[in-house]
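Fold and geometry: a report
For reference, the chains in residue letters:
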Amino acid sequence: MNNKKVVLILAPHTDDGELGCGGTIAKFCSEGSDVYYVAFSICSRSLPPDMHPQTLAIEVANATKVLGVKNENLILFDFDVRRFKEFRQEILEELIKLKNKLNPDIVFVPSPTDIHQDHQVISEEGLRAFKNCSILGYEMPWNNVAFNTRSFIKLNEEHIVKKIESLIEYKSQNERTYLNADFIRSLATIRGIQIGCKYAEAFEVIRWII
Ligand SMILES: [Zn+2]
């Protein structure tokens, strides 16, 4: 990670990218890489009636800003939650447009073993669209029956703090147990111990091009 790269984060829903690779996003941004964050649903039609439909669009903008992602590099879609399979071809076409426009060096997708139906679509279509790119699968322990920790990105305290602070921006989601600092720090500590450093995020290698 010495030279600057074009990095693309594919998040099925807002917050997936921060949870799966928020520390890595902070690291790439601090090193001057061009990081793009794409969320495929802002859940505008499935939020509780007392919540503004744009709530998650605002929260993901704030969260990714904390990590260092430029506002113009945040791309939002609004496919219906849990129904991505119905829009598979439409999603693939959007991904191909992104590939042609950005030509990223590395793409981050949910792990291929993620059991969430929407995450599966983004993982599969990402592999289909980005044939010439390195692809890493990120970890979401509540969705992964198994996760192969095949690659690691070392992180420092600042990256972890930014990851935690970015997730605090999801104020509408604060009942979710995994959106807490102890969990983020603990998982990063486990992944760090596996490779002999303080903190890390782990990824499955889907394709690695050197
Ligand atoms: Zn999700």
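Concerning the overall build of the protein chain
Scanning the protein chain for helices and strands turns up six helices and seven strands. Ordered by position from the N terminus, the helices and strands of the protein chain form the series β-α-β-α-β-α-β-α-β-β-α-α-β. Taking 210 residues into account, the globule formula puts the C-alpha radius of gyration at 17 Å, and the protein chain, at 16 Å, falls close to it. Seen through its C-alpha atoms, the protein chain measures out along the principal axes to roughly 45 × 40 × 35 Å. Here the protein chain, with 210 residues, has 55% of them falling under the buried criterion.

Describing the coordination of the zinc ion
At the metal site, the zinc ion is ligated by H13 (ND1), D16 (OD), D16 (OD) and H119 (NE2), and these contacts range over 2.0 to 2.7 Å. Sequence spacing of the donor residues for the zinc ion, all on one chain, is H-x2-D-x102-H. Of this pair, H13 sits in the loop between strand 1 (6-11) and helix 1 (16-30) while H119 sits in helix 4 (residues 117-129), placing them 106 residues apart in sequence. Its relative accessible area of 9% is what places H13 among the buried residues.

Points about a nonpolar patch on the surface
On the surface, V205, W208 and I210 cluster together to form a nonpolar patch covering roughly 390 Å² of accessible area. Within the secondary structure, V205 sits in strand 7 (residues 199-207). Of the residues examined, V205 reaches a relative accessible area of 39% and is grouped as partly exposed.

Regarding the nonpolar core
Counting residues in hydrophobic clusters, the biggest one holds 38 residues, and the most contacted among them are I9, I25, V35, Y37 and F108. No other element matches helix 1, which puts six residues into this core. Not counting chain neighbours up to four residues away, the residues in contact with I25 comprise I9, G17, V35, Y37, L67 and V69. Core analysis: the next-biggest nonpolar cluster, separate from the first, contains 23 residues, F40, F87, V109 and I135 among them.

Looking at unusual backbone geometry
Leaving glycine out, the prevailing phi sign among residues is negative, and the prevailing peptide bond configuration is trans. Here R82, not a glycine, exhibits a phi torsion of approximately 70°, which is positive. Tracing the backbone through its elements, the reader meets R82 in the loop between strand 3 (74-76) and helix 3 (88-102). The residue N103 is not glycine, and still its phi comes out positive at about 45°.

A word on the side chain of N73
Considering the arrangement of structural elements, one finds N73 in the loop between helix 2 (55-67) and strand 3. Here N73 falls in the buried class, since its relative accessible area comes to 4%. Of note is the side chain of N73, whose polar atom sits 3.1 Å from the side chain of D34.

Here is what the cut-offs are and how they apply
- Residues numbered from 1 in each chain as written.
- Predicted model: local features only at pLDDT ≥ 70, side-chain atom pairs only at ≥ 80, totals over all residues.
- Heavy atoms only, no water.
- Helix = DSSP H or I, 4+ residues; strand = E, 2+ residues; numbered from the N terminus.
- Rg over C-alpha atoms; globule rule 2.2 N^0.38 Å.
- Buried < 20%, exposed > 50% of the residue type's maximum accessible area, 1.4 Å probe, protein only.
- Donors = N, O, S within 2.8 Å, 3.2 Å for Na, K, Ca; no water.
- Patch = residues over 30% accessible without salt bridge, like charges linked within 9 Å, V, L, I, M, F, W, Y side chains within 5 Å.
- Areas by Shrake-Rupley, 256 points an atom, 1.4 Å probe, with all protein chains shown as cover.
- Salt bridge = Lys/Arg side-chain N within 4 Å of Asp/Glu carboxyl O.
- Core = buried A, V, L, I, M, F, W, Y, C linked by side-chain atoms within 4.5 Å.
- Contact = heavy atoms within 4.5 Å.
- Polar contact = N/O pair within 3.5 Å; in protein donor to acceptor, adjacent residues only side chain to side chain.

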